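# Structure assessment
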Amino acid sequence: MKNITILGSTGSIGVSTLEIVSAHSDRFRVVAMTAGKNLELFVRQIKQFMPRIAAVASHTDVPRLKEMCSGLDVTILGGVEGLIAAATADETDMVVAAIVGAAGLVPTAAAIRARKDIALANKETLVTAGHLFMDLVEEFGVRLFPVDSEHSAIFQSIEGHRCEDIHKIILTASGGPFLNTPATQLSNVTVRDALNHPNWNMGKKITIDSATMMNKGLEVIEARWLFNTPVEKIGVNIHPQSIIHSMVEYVDGCVIAQLGTPDMKAPIAYALAYPERIATGVKPLDLTILSGLTFFNPDHDKFRCLELAYRAIASGESMPAVMNAANEIAVTEFLEGRIGFTQIAETIERTMDAHTAHKLKSIEEVLKADLWGRESAREICREMVY
Ligand code: NAD
Ligand code: MG
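What counts and what doesn't
- Residues numbered from 1 in each chain as written.
- Chains lettered and ligands numbered in written order.
- Predicted model: local features only at pLDDT ≥ 70, side-chain atom pairs only at ≥ 80, totals over all residues.
- Heavy atoms only, no water.
- Near = heavy atom within 4 Å.
- Polar contact = N/O pair within 3.5 Å; in protein donor to acceptor, adjacent residues only side chain to side chain.
- Areas by Shrake-Rupley, 256 points an atom, 1.4 Å probe, with all protein chains shown as cover.
- Helix = DSSP H or I, 4+ residues; strand = E, 2+ residues; numbered from the N terminus.
- Domains from an automatic or database assignment.
- Pairing = 2+ DSSP bridges.
- Axes fitted to C-alpha atoms, helices over the stretch in contact; angles between N-to-C directions.
- Contact = heavy atoms within 4.5 Å.
- Buried area = accessible area lost by both parts, 1.4 Å probe.

### Focus: the site of ligand 1
- Taken together, 24 residues lie near ligand 1, and Thr10, Ser12, Gly36, Glu124 and Gly203 sit nearest.
- Contact between ligand 1 and Gly36: an oxygen atom at 2.7 Å from a main-chain N or O atom of the residue.
- Here Ala121 contributes a backbone N or O atom positioned 3.4 Å from an oxygen atom of ligand 1.
- With the chains in place, 84% of the 810 Å² that ligand 1 exposes on its own is no longer accessible.
- Going through the elements one at a time, helix H1 (12-23) and helix H6 (123-140) are the ones with two or more residues in the shell around ligand 1.
- Both of domain 1 (2-142) and domain 2 (181-208 + 299-386) provide at least three residues apiece to the shell around ligand 1.

### Quick word on the sheet that holds strand S8 (residues 166-173)
- Read across the sheet, 4 strands follow the order S9-S8-S10-S11 without closing on themselves; strand pairing throughout is mixed. Among the strands making up the open sheet, the edge pair consists of strand S9 (234-238) and strand S11 (255-259). Shown here is a sheet whose adjacent strand axes are inclined to one another by a mean of 20°, direction ignored.
- Examined bridge by bridge, S8 and strand S10 (residues 244-250) share 4 bridges and lie antiparallel to one another. Paired with Ile169 across the bridge in S10 is Val248.
- Strands in contact with helix H7 (residues 149-158) are S8, S10 and S11; relative to S10, the strand with the most contacts, it is inclined by about 40°.

### Notes on the domain arrangement of the protein chain
- What the domain assignment lists for the protein chain is domain 1 (2-142) and domain 2 (181-208 + 299-386).
- When each unit is reduced to the centre of its C-alpha atoms, the spacing between domain 1 and domain 2 is 26 Å.
- Across the boundary between the two partners, domain 1 contributes 16 residues, which contact 18 residues of domain 2.
- Carbon and sulfur atoms supply 70% of the area buried between domain 1 and domain 2, which totals about 1100 Å² over both sides.
- On the domain 1 side of the interface with domain 2, the three residues burying the most area are Val127, Thr128 and Leu132, jointly 36% of the side's total.

This is the structure in structure tokens:
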């Protein structure tokens, strides 16, 4: 039996993880789970999975959650300390890190320090603090399994091969809902248009990141740390059908790819059950559609966020954390109708331009850079005309 903590159980990844757990209750048990704001769903999950610990992000939600869970044998906690307690619960073997944004940083670091293996969905962790996290993983001897579909594909394509034999990692990208929208029309798209992803049903933040292609930029940085590969060897290819989830090209010219119907339950199950493969309920791949697969290079002028991510990782040090923070603020401002779609990239670029990168030696310093990025981006958004 593998004991699991789910950080962010009410999100898209959290819910899919619970589907896998419930289909394999002989293998997995949920010891602790955490949520942000959706208490109704959280309570339904608590009643179904009966974790020992349930933690909410905000202290102010604790009394209401306690009332909603009265009579249940569960310890209700709140705030960052609550998230950390869930991430470090004694009996937990593996932590599924599925909180969105830099808020995932502290509990995930605590889990590694408590020697828990990590199934990592939260890409912002590696984007903001990749070098510190990879050092922690090594220092505490834990295993880090990627959940992001592209990184799971690379992980599966690398198994049994030597990193030094990799010629190139090729991340595939669907191109999002605006792949065929002319650049000149992007400033007029609505929140609804941007949330209408063609292939994946995900949380709002990552869905907007997919529309701007910042998601792919974050994934380039994530891949750089996960696979210890220089960013020059990581390319992006647009593949609108999302059937090939990513590929690795080796020095001998051979390319190994992983294919499947787009459904996050597949990479989640691989991370949970590794090295075994378990049933997921994912629709089998219809090989007759393979003749319709297409690939082309991304338009960097149209999707400026992708370029900004490459610029951030080239600059290194605190720049990716600042870029990520500015992106989180800009996406929230866009979702709340205060800035336009193309102003997301503009906010990030102006925040990065105003920042002088410096070394980050601890998680505390990462959080400081994150805060600086948020405040600067907020200020820039306030001054913007929309
Ligand atoms: P989501 O918005 O659906 O869920 C996020 C979860 O985090 C929820 O449980 C929410 O309550 C919780 N949360 C939000 N803010 C919080 C805070 N400040 N403190 C504590 N908890 C908080 O997001 P998602 O789509 O499930 O994505 C989760 C992470 O996984 C993101 O980093 C995303 O980039 C990554 N990811 C998601 C997918 C996908 O298909 N959804 C694919 C690859 C990677
Ligand atoms: Mg992905």
